[in-house]
Amino acid sequence: KAGVTQTPRYLIKTRGQQVTLSCSPISGHRSVSWYQQTPGQGLQFLFEYFSETQRNKGNFPGRFSGRQFSNSRSEMNVSTLELGDSALYLCASSLDRGRDTEAFFGQGTRLTVV
Amino acid sequence: AQSVTQLDSHVSVSEGTPVLLRCNYSSSYSPSLFWYVQHPNKGLQLLLKYTSAATLVKGINGFEAEFKKSETSFHLTKPSAHMSDAAEYFCVVSVFNNDMRFGAGTRLTVKP
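Note that this is a predicted model, so its numbers are computed, not measured.

Q: What exactly am I supposed to notice about the pairing of strand β11 (residues 109–113) of chain A here?
A: On any regular strand, side chains alternate: one points to one face of the sheet, the next to the other face. Residues and elements named next belong to chain A. A one-sided burial pattern is seen for β11, the buried positions being Thr109, Leu111 and Val113 and the unburied ones Arg110 and Thr112. As judged from the 4 bridges shared by strand β2 (residues 10–13) and β11, these two strands associate in the parallel manner. Counted as the bridge partner of leucine 11 is leucine 111 from β11. Note that strand β9 (residues 87–94) and β11 share 3 bridges and pair antiparallel. Looking across to β11, one finds that alanine 87 is bridged to leucine 111.

Q: Teacher, can you tell me more about the nonpolar core here?
A: One finds Trp35(B), Leu48(B), Phe74(B), Leu76(B) and Tyr89(B) to be the most contacted residues of the largest nonpolar core, which totals 26 residues. For this core, the element with the most residues is strand β10 (residues 87–94) of chain B, which contributes 4 residues. Residues contacting Leu76(B), with those up to four places away along its chain left out, are Val19(B), Leu20(B), Leu21(B), Trp35(B), Leu47(B), Leu48(B), Phe63(B), Glu64(B), Ala65(B) and Tyr89(B). Among the nonpolar cores identified, the runner-up in size contains 21 residues, and Ile26(A), Phe47(A), Leu81(A) and Cys91(A) belong to it.

Q: I tried to follow the interface of chain B and chain A on my own but got confused; where do I start?
A: For an interface, size is often stated in terms of accessible area lost upon the parts coming together. Facing the 23 residues of chain B at the interface are 24 residues of chain A. Buried surface at the junction of chain B and chain A, both sides included, amounts to about 2000 Å², of which 44% is carbon and sulfur. Seen at the junction of chain B and chain A, the total is 0 salt bridges. Inspection of the region where chain B meets chain A yields 2 residue pairs in polar contact (both at pLDDT 80 or more). Counting residues per element, the ones that place at least two in the side of chain B that touches chain A are β5 (32–38), β6 (44–50), β10 and β11 (100–102) of chain B. A per-element tally of the side of chain B that touches chain A places β5(B) first, with 4 residues.

Q: Even after reading the chapter, I still don't get unusual backbone geometry, so can you show me in this structure?
A: What is expected of a backbone is that most residues other than glycine have negative phi and most peptide bonds are trans. Of the consecutive residues Thr7(A) and Pro8(A), the connecting peptide bond is found in the cis state with omega at -15°. Its identity as a non-glycine residue notwithstanding, Asn61(B) has a phi of 60°, on the positive side. Among the structural elements, Asn61(B) can be located in the loop between β7 (56–58) and β8 (64–68). Among the residues examined, Asn61(B) registers a relative accessible area of 51% and is labelled exposed.

Q: Looking at this structure, how should I read the state of the cysteines?
A: Such a bond, covalent and formed between the sulfur atoms of two cysteines, is termed a disulfide. Residues and elements named next belong to chain A. All told, the structure shown has 2 disulfides over all chains when counted by the stated rule. Each sulfur in the disulfide pair cysteine 23 and cysteine 91 lies 1.7 Å from the other. Residues cysteine 23 and cysteine 91 are joined through a disulfide that is left-handed, its torsion about the S-S bond being -55°. Here the residue cysteine 23 occupies a position in strand β3 (residues 19–24), and cysteine 91 occupies one in strand β9, the gap between them amounting to 68 residues.

Procedures and definitions
- Residues numbered from 1 in each chain as written.
- Chains lettered and ligands numbered in written order.
- Predicted model: local features only at pLDDT ≥ 70, side-chain atom pairs only at ≥ 80, totals over all residues.
- Heavy atoms only, no water.
- Buried < 20%, exposed > 50% of the residue type's maximum accessible area, 1.4 Å probe, protein only.
- Helix = DSSP H or I, 4+ residues; strand = E, 2+ residues; numbered from the N terminus.
- Pairing = 2+ DSSP bridges.
- Core = buried A, V, L, I, M, F, W, Y, C linked by side-chain atoms within 4.5 Å.
- Contact = heavy atoms within 4.5 Å.
- Buried area = accessible area lost by both parts, 1.4 Å probe.
- Salt bridge = Lys/Arg side-chain N within 4 Å of Asp/Glu carboxyl O.
- Polar contact = N/O pair within 3.5 Å; in protein donor to acceptor, adjacent residues only side chain to side chain.
- Disulfide = S-S within 2.5 Å.

In structure tokens:
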């Protein structure tokens, strides 16, 4: 069974640009969550999608957005990139949205903003 | 609101000695608790989870954790460290809607 796939693995962008990251969940998983990982702030929850609907959102500015398609694949977009957006972005998928449901993580997309 | 505090940012042990990574949680509701491990340049892998069944939870690679409600703790232990255990470990609390709150992480170093 294929795991969670995130593309691209590495990305370098210039301040002010926008970027789109992609996440393909494990087959059959309908919930996809996104996290930002930085040395200073650690792992922070961005948002969660379930059946194409954003059901939960972390404390990030509106420049961070996402969507989920009917096949459960998800994308997140960051507009007007800032240097502080440099981070490892992790995607996690799970079967449902229960509190004790295991989340499976992808290897992440490392975004560098210069 | 729920949160976790990992009491040590860095733990160093010698190979073959016990490992103890400490985690305290705060939650208004009955929580689910997880430990994840992250090796360099890798995603996170689930070690074990507590979901209100047994308070002593056994995970992969010889790790286990004990849920202590009176102490609001969920410490991770392993009897004997292996070089391959060197990684970053995250304690996680989840209440609902897959809103997982991560601790700051504990970096485990294993000396030969």
